Every structure is written in structure tokens, then in C-alpha cells.
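# Architecture and fold: a report
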Amino acid sequence: MDPIFSQLQAVVDRYDELNQMLADPDVMGDSQHYMALSKEAGGIRETVETFKHYQQVVQDLLDAEELLGDAEMGELAKEDVATLKPEKAELEERLKVLMLPKDPNDDKNIIMEIRGAAGGDESSLFAADLLGMYRRYAENQGWSLQIIDETTTEVGGYKEVVAMITGDNVYSKLKFESGAHRVQRVPATETQGRVHTSTATVGIMPEFEEVDAEGLIDPKDVREDVYRSSGAGGQHVNKTSSAIRLTHEPTGITVAMQDERSQQQNRARAWKILNARVYDHFAQENEAEYAEQRKTVVGSGARSERIRTYNYPQNRVTDHRIGLTLNKLDRIIAGDLGEIIDALVLAEQTAKLAELGK
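Residues numbered from 1 in each chain as written. Predicted model: local features only at pLDDT ≥ 70, side-chain atom pairs only at ≥ 80, totals over all residues. Heavy atoms only, no water.

## Focus: the overall build of the chain
Helices and strands together make up the secondary structure of the chain, namely 12 helices and 11 strands. The buried share of the chain, reckoned over its 358 residues, is 41%. A sequence separation of at least 24 residues applies to 61% of the contacts in the chain between residues at least 6 apart. When the accessible surface of the chain is totalled, it reaches about 19,200 Å², and 48% of it is carbon and sulfur. (Helix = DSSP H or I, 4+ residues; strand = E, 2+ residues; numbered from the N terminus. Buried < 20%, exposed > 50% of the residue type's maximum accessible area, 1.4 Å probe, protein only. Contact = heavy atoms within 4.5 Å. Areas by Shrake-Rupley, 256 points an atom, 1.4 Å probe, with all protein chains shown as cover.)

Now the structure itself:
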């Protein structure tokens with residue numbers, strides 16, 4: 001049997017231990033500890049249940065094979081063997097995938113940044129279309145998408161928009177969206193019907209809670225400026241210095257936040273974005289290590305990397321990293337991203353399995 005399977009009993013033992021701990025009144029009285037243990041148990045539940053199913057199938061197969069020579073039960077046992085053998089093989093492959101090393105950020109919420117790039121007004125409109133696509137996909141997943149900062153253009157697009165998406169395993173599904181997205185279509189402002197090419201960039205960054213971010217940023221390296229909000233908001237804006245600007249001096253990364261009513265809320269949001277941007281900065285800067293960490297057919301996650309083309313005249317979407325072309329742009333831009341995301345996840349898993357097999 002593959003070496004991976006020798007590790008599975010340890011996972012089962014840990015799962016049983018976690019369930020015993022979760023039943024302990026002392027643990028139940030400590031909500032933070034209880035939630036951490038619950039999260040760990042939830043993270044391995046599918047592996048444990050699949051392994052137990054696998055063990056049952058293995059036993060059923062052994063029982064059926066013993067009956068193959070039986071005059072009365074032989075024919076029925078032959079049918080069982082024919083059914084159980086492929087099921088056993090399928091479960092073995094599933095377990096190998098479940099036991100692959102997990103990205104520690106997979107269960108995190110994300111901060112998404114979308115920027116209009118090449119193409120002027122059309123690129124800003126495409127940025128708005130991408131935001132709408134991700135918003136609808138998030139709704140389909142039962143997630144929540146909230147815009148936390150935006151710079152709009154006169155034509156109704158976005159020069160830049162920052163959103164937070166919260167829910168179950170958001171990063172695991174959207175982490176491959178980082179990169180340059182290219183659109184080919186006739187812009188609304190084009191009078192002669194010519195197809196133009198524009199681009200927008202998407203950045204996906206895991207959200208770090210304060211506990212996660214410890215050691216990521218030294219608070220002494222961050223300068224905080226407080227100032228009065230500008231724009232709509234009536235007298236409240238003029239009287240209260242609620243806007244916050246954080247500057248991470250080693251990198252020069254700056255985050256300004258003024259959308260919330262209170263200084264405390266703006267500060268909390270600004271820190272979330274700053275943590276994510278600084279993490280992303282060091283990951284991209286340390287490119288060799290980052291590329292090794294993300295060595296996969298789906299690329300490095302760099303924003304300069306062209307990952308996908310949306311061709312409106314032919315209703316076609318092509319993901320260049322895995323050579324996937326789908327003639328259903330209308331459905332994809334409406335939020336039906338599942339087929340693309342599943343293919344990207346499968347490509348990564350296949351690459352990891354190939355690495356383990358070497």
C-alpha cells in the first residue's frame with residue numbers, strides 16, 4: 001500500500017482525541033480553545049470518514065473474494081468483486097488527495113483587489129464586470145462580499161476596488177484568480193464595431209486575523225496618521241477625525257480607510273488590508289521561494305502573469321495556464337465559475353501527486 005495510507009490511522013486517532021477534548025466541560029467553557037479544536041476536527045472529518053468507508057470496502061472485498069469458489073454464492077460474490085474493486089481504487093485516489101499537504105491559508109477569508117490596467121475606460125468597466133462575476137460566485141457559495149475601498153471612473157467602472165470575501169474555504173477556491181485577466185470585445189464607446197483588447201488585474205490575498213499576523217508586521221514599523229474624512233457624510237465628516245492612514249515604513253505600503261463612521265472601525269479594516277498587502281509583498285518579492293512554494297501548472301500567482309482571456313464575440317473563456325477553453329462566457333461572467341475553479345484545483349492536485357510519486 002502507498003506510504004500515505006500508513007499516516008491515515010494517526011489522523012483517525014487525532015480525530016477521536018479531538019472529539020473527546022470537545023466533550024470536556026473545561027474546553028467547552030473556553031470558547032476560543034473550543035473553536036480552534038472544532039476547526040481542526042472539521043478540517044480532517046472528510047479524511048476520517050473516507051478512510052473508514054475505504055476500510056469497510058476493503059473488508060467487503062476480502063469477504064467477497066473468499067466466496068468466489070462457493071457453489072451457491074460464487075456468482076453473487078463475482079458481481080460484488082466487480083463493483084468493489086473500482087470503488088476501492090477510487091477511494092485510494094481520493095485519500096491520496098485528502099492527505100496532500102494543505103496550503104495553510106486555504107481556510108482563510110480573502111481580500112481581493114481588482115484594478116483596471118491597459119485599455120483606459122474599457123479596462124475600468126471590465127474591472128467592474130469581474131467584480132460582478134466574483135460577487136455572484138460568492139453568493140452561489142454562500143459567502144459574503146463587502147466592498148471596503150473603491151476608486152470609480154466617470155464611465156461607471158473601477159480604477160481600483162478592494163473587497164473582502166468571507167465564508168468557508170474562500171482562499172482555497174479563489175487563490176488561483178490572481179493575475180492579469182484579458183477581455184476582447186467591442187466597447188460601448190466604439191462607433192465602428194471594432195474589437196478592442198483590455199486588461200484588468202486581480203490580486204487575491206489571505207486575510208490575517210491578529211493572531212495569524214503576529215510576527216508578520218512589527219507594530220513599531222507602522223506609522224499611523226489620523227485625519228478628517230472627506231466626501232459625503234454631512235456634519236459628522238467635518239467634526240470627527242475618524243479616517244486612518246497606516247504606512248508600513250520598511251516597504252512603503254500605505255493603506256487609508258475612511259468609509260466607516262468610527263476611527264476604531266477604520267483602524268481595524270486598515271490593519272486587515274495592511275497585513276494582507278505586506279504578506280503579499282514579501283511573497284512576491286521572495287519570488288524564488290514563492291515560486292517553489294506554489295510550483296504548479298497554475299502558475300505563481302503574480303499579478304503580471306496573464307492567466308485568462310474573455311472573448312465576447314465568440315462567447316469563449318480560455319484559461320491559459322491549463323489550456324482550458326469553455327464556450328460559455330455568458331454563464332461564467334454571470335458567476336458560474338465552478339467548472340474553471342474545479343479544473344484549476346484538480347490541476348494543482350495532479351501536479352502535487354506527480355511530485356510525491358517521483
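Let us keep going from here.
## Focus on the side chain of Thr-47
Its location among the elements puts Thr-47 in helix H3 (residues 31–66). Non-local contacts of Thr-47, meaning those with residues more than four positions away in its chain, are made with Leu-8, Val-11, Leu-95, Leu-98 and Met-99.

## As for the pattern of salt bridges
Under the defined criterion, the tally for this structure stands at 25 salt bridges. Several salt bridges share partner residues, and in doing so they unite Asp-106, Lys-175, Glu-348 and Lys-352 into one network. (Salt bridge = Lys/Arg side-chain N within 4 Å of Asp/Glu carboxyl O.)

## Quick notes on a nonpolar patch on the surface
Together, Leu-67, Met-73 and Leu-76 make up a nonpolar patch on the protein surface, roughly 240 Å² of accessible area in all. Among the structural elements, Leu-67 can be located in the loop between H3 and helix H4 (74–98). (Patch = residues over 30% accessible without salt bridge, like charges linked within 9 Å, V, L, I, M, F, W, Y side chains within 5 Å.)

## Re the nonpolar core
Ranked by internal contacts, the top residues of the largest apolar core, which has 35 residues, are Met-112, Ile-114, Leu-130, Tyr-134, Ile-165, Leu-174 and Tyr-310. Residue assignment for this core shows that the elements contributing at least two residues are strand E1 (110–116), helix H5 (121–141), strand E3 (158–166), helix H6 (170–174), strand E5 (196–206), helix H11 (329–333) and helix H12 (338–357). No other element matches H5, which puts 8 residues into this core. Contacts of Ile-165, omitting those with residues within four sequence positions, involve Asn-109, Ile-110, Met-112, Ala-138, Trp-143, Ser-144, Leu-145, Val-170 and Leu-174. Judged by nonpolar contacts, the second largest core, of 23 residues, contains Phe-5, Leu-18, Val-81 and Leu-91. (Core = buried A, V, L, I, M, F, W, Y, C linked by side-chain atoms within 4.5 Å.)

## Some points on the sheet that holds strand E9 (residues 306–311)
The strand order E2-E3-E1-E5-E4-E9-E10-E11 describes an open sheet built from 8 strands, whose pairing is mixed. At either end of the open sheet lies a strand with only one pairing partner, and these are strand E2 (144–152) and strand E11 (324–326). Put simply, the sheet's adjacent strands are angled 15° from each other on average, direction ignored. Relative to E9, strand E4 (residues 179–185) is paired through 5 bridges, and the arrangement is parallel. In the strand pairing of E9, Gln-184 is matched with Asn-311. (Pairing = 2+ DSSP bridges. Axes fitted to C-alpha atoms, helices over the stretch in contact; angles between N-to-C directions.)

## Re H3
When the terminal C-alpha atoms of H3 are compared, their 51 Å separation across 36 residues agrees well with the 52 Å that a helix rising 1.5 Å per residue should span. In the structure, H3 departs most strongly from a straight axis at Ile-44, where the bend amounts to approximately 40°. All buried positions along H3 are accounted for by Leu-37, Ala-41, Ile-44, Thr-47, Val-48, Thr-50, Phe-51, Tyr-54, Val-57, Leu-61 and Ala-64. (Expected span 1.5 Å × (residues − 1). Bend = angle between axes of the 7 residues up to and from the residue.)

## Let's talk about the layout of surface pockets
Looking at the largest pocket, its volume works out to about 1,100 Å³. Class assignment of the residues belonging to the lining of the largest pocket gives a composition of 9 nonpolar, 7 polar and 14 charged. Taken domain by domain, the lining of the largest pocket gets at least three of its residues from each of domain 1 (3–99) and domain 2 (110–210 + 301–357). (1 Å grid on protein atoms, 1.4 Å probe; cavity = no way out; pocket = protein on both sides within 12 Å on 5 of 7 lines; lining within 4 Å. Points joined across faces, edges and corners; volume = space filled by probe spheres on them. Nonpolar A, V, L, I, M, F, W, Y, C, P; charged D, E, K, R; others polar. Domains from an automatic or database assignment.)

## What about the side chain of Asp-106?
Looking at the secondary structure, you find Asp-106 in the loop between H4 and E1. Judged by its relative accessible area of 18%, Asp-106 is buried. Setting aside its immediate chain neighbours within four residues, Asp-106 contacts Asn-169, Val-170, Tyr-171, Ser-172 and Lys-175.

## A few points about the sheet that holds strand E7 (residues 243–248)
Read from one edge of the open sheet, 3 strands run E6-E7-E8, paired in antiparallel fashion. In the strand order of this sheet, the two ends are held by strand E6 (222–227) and strand E8 (253–257), each with one partner. The mean inter-strand angle of the sheet, taken between neighbouring strand axes irrespective of direction, is 15°. Pairing between E7 and E8: 5 bridges, direction antiparallel. Directly across from Thr-247, in E8, lies its bridge partner Thr-254.

## Brief notes about unusual backbone geometry
It is generally the case that most residues other than glycine have a negative phi and that most peptide bonds are trans. If you check the backbone angles, Asn-169 has positive phi at about 55° while not being a glycine. Inspection of the secondary structure assignment puts Asn-169 in the loop between E3 and H6. Look at Asn-169 and you get partly exposed, because its relative accessible area is 38%.

## Brief notes about the packing of aromatic side chains
For the structure shown, the criterion picks out 3 aromatic pairs. Between Phe-126 and Tyr-310 the ring centres are 5.4 Å apart and the planes differ by 70°, which places this aromatic pair in the edge-to-face class. Residue Phe-126 is located in helix H5, and its partner Tyr-310 is located in strand E9; the two are separated by 184 residues in the primary sequence. Each member of the pair, Phe-126 as well as Tyr-310, is classed as buried. Sitting over the ring of Tyr-312, Arg-185 keeps its end group 4.9 Å from the ring centre. (Phe/Tyr/Trp six-rings, centres within 6.5 Å; stacked < 30°, edge-to-face > 60°. Lys NZ or Arg CZ within 6 Å of the ring centre and 35° of its normal.)

## A look at the environment of Glu-339
Looking at the element boundaries, Glu-339 is found in helix H12. We classify Glu-339 as partly exposed; its relative accessible area is 41%. Contact partners of Glu-339, with chain neighbours within four places excluded, come to Leu-324, Leu-326 and Lys-328. A polar contact of 2.8 Å, which involves the side chain of Glu-339, links it to the side chain of Lys-328. (Polar contact = N/O pair within 3.5 Å; in protein donor to acceptor, adjacent residues only side chain to side chain.)

Don't take any of this as a statement about function, it's just geometry.
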